[in-house]
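Observations on chain architecture
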Amino acid sequence: MSGVYIFSDKNDIAAEIIGFAKSAGKDAILLVFDEQTAKVMGNSGADKIYLVNGESELVESYARSIAQLLREEGAELFAVGATPRGRDLAARVAVYLNCGMASDVSTLSCGDGQWLTQRIIYGGAVQQTEVLEGLAVVTIPGGKFEPVSGTGEMVNITLAADRRISLEETMPIGHQGADLSAAEKVVCVGMGLEKEEDMQLAKDLAAALGAEIGCTRGIAEERHWLPAERYIGISGAVIKPKLYISMGVSGQVQHVVGIRDSQVIVGIDINEKAPIFAAADYGIVGDMYEVVPLLIKALSE
Ligand SMILES: Cc1cc2nc3c(=O)[nH]c(=O)nc-3n(C[C@H](O)[C@H](O)[C@H](O)COP(=O)(O)OP(=O)(O)OC[C@H]3O[C@@H](n4cnc5c(N)ncnc54)[C@H](O)[C@@H]3O)c2cc1C
């Protein structure tokens, strides 16, 4: 069956990619690896759901078999959710197919045997457009397409796994505090903060707003005033709160990449030329040691 073959270990991304395939007028064929996911995704609009039976728990160990399936079925595209596991699988499948691949695409369209993709590179400074000829592999982050609904046919298939890869152990990692990526409001502290005791100012603002506290990389990695999981940006957390307020954050591109999906961005910085003001919906040029207590007072009133 030709069409767009889809895999994601995050069901919401899989549903969005199915939405893309349907909006492009293509058949959507979803690969799932357990019955529970097959059930959950039953009404996601996929024309066909392949429930893969195999010997391995590791999805990436099926890369060669998936490549073979795509060839045999005349697939037009293998679209994979851009999660760590998805990226790993996608790269392997592209190698076995010896085909073109684009990672983390933000837009995707098709025409005349080609796939037109766009993606953001250099930490968000540049948008790159690429054309992939023929059967291709792409990875797609969440939030790019609208999911649809509808039931399709469920088919059990058996694929051979690469037994050179085996799962030894899975260990949960303990996290301190809340998940920043799920926070509705975030107060972000930058290197403009003079002393560790001044973190109290950020904590008071966060308490007044009911917000989580995040920071720039230097606050976590150089000054160690907050744990590493609290820093936001290209190498830290990517957040999409309803409200993001920064205090003494210059707004370098590596940080802004992590906040660009926030609904409202407010920047407080003493330097009117700070790049945060280019990313912000509202900017307050001023000394945070004066501005933030006034904000807290206004919020408490
Ligand atoms: C490969 C790479 C990856 C990176 N990844 C990340 C990342 O994921 N996340 C990240 O955050 N950074 C990252 N960085 C670092 C990034 O480039 C910036 O250096 C960093 O974001 C700057 O942090 P900052 O805004 O807190 O500090 P600064 O750039 O030093 O800015 C401090 C700001 O505070 C203001 N200020 C000073 N005093 C006051 C005051 N009293 N009141 C108000 N404002 C005041 C200043 O005007 C200034 O704008 C990365 C860098 C590289 C090279």
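Thresholds applied
Residues numbered from 1 in each chain as written. Predicted model: local features only at pLDDT ≥ 70, side-chain atom pairs only at ≥ 80, totals over all residues. Heavy atoms only, no water. Helix = DSSP H or I, 4+ residues; strand = E, 2+ residues; numbered from the N terminus. Buried < 20%, exposed > 50% of the residue type's maximum accessible area, 1.4 Å probe, protein only. Contact = heavy atoms within 4.5 Å. Areas by Shrake-Rupley, 256 points an atom, 1.4 Å probe, with all protein chains shown as cover. Core = buried A, V, L, I, M, F, W, Y, C linked by side-chain atoms within 4.5 Å. Domains from an automatic or database assignment. Near = heavy atom within 4 Å. Polar contact = N/O pair within 3.5 Å; in protein donor to acceptor, adjacent residues only side chain to side chain. Expected span 1.5 Å × (residues − 1). Pairing = 2+ DSSP bridges.

Scanning the chain from N- to C-terminus turns up 9 helices and 15 strands. Every one of the 301 residues in the chain was classed for burial, and the buried ones make up 47%. In the chain, the share of contacts with a sequence separation of at least 24, taken over all contacts with a separation of at least 6, comes to 62%. As displayed, the chain offers around 15200 Å² of accessible surface, 48% of which is attributable to carbon and sulfur atoms.

On to the nonpolar core, then. Judged by nonpolar contacts, the single largest core of 28 residues is most densely connected at Ile 6, Leu 30, Leu 77, Leu 108, Trp 115, Val 138 and Ile 140. For this core, the secondary structure elements donating two or more residues are strand S1 (4-7), helix H1 (11-23), strand S2 (28-32), strand S3 (48-53), strand S4 (77-81) and strand S9 (136-140). Ignoring anything within four residues of it in the chain, the contact list for Ile 140 reads Ile 13, Ile 17, Ala 79, Val 80, Gly 81, Ala 82, Val 105, Leu 108 and Phe 145. Of all hydrophobic cores here, the second largest spans 27 residues; its members include Tyr 62, Val 80, Leu 89 and Val 93.

Turning our eyes to something else, we now look at the domain arrangement of the chain. Domain boundaries assigned for the chain yield domain 1 (4-158) and domain 2 (180-300). Taken over C-alpha atoms, the centre of domain 1 sits 35 Å from the centre of domain 2.

In the vicinity of the ligand there are 24 residues, among which Met 191, Thr 216, Ser 235, Ser 250 and Asp 269 approach most closely. Measuring from an oxygen atom of the ligand, one finds a backbone N or O atom of Gly 248 at 3.1 Å. Ile 270 is positioned with one of its backbone polar atoms (N or O) 3.1 Å from a nitrogen atom of the ligand. Secondary-structure elements contributing two or more residues to the shell around the ligand are helix H7 (253-256) and helix H9 (288-300).

Here we take up helix H4 (residues 84-97). Side chains of residues three or four places apart in an α-helix project in the same direction, reflecting 3.6 residues per turn. With 14 residues, H4 extends 20 Å from end C-alpha to end C-alpha; this agrees with the ideal 20 Å at 1.5 Å per step. Those residues of H4 that are buried lie in contact with S1, helix H3 (63-73), S4, strand S5 (100-102) and S9. Positive phi shows up at Asn 98, right after H4, with a value of about 55°.

The next thing to look at is the pairing of strand S14 (residues 264-269). Where burial is concerned, most of S14 is hidden: 5 out of the 6 residues are buried. With 5 bridges connecting them, strand S13 (residues 243-247) and S14 associate as parallel partners. Paired with Ile 245 across the two strands is Val 266, which belongs to S14.

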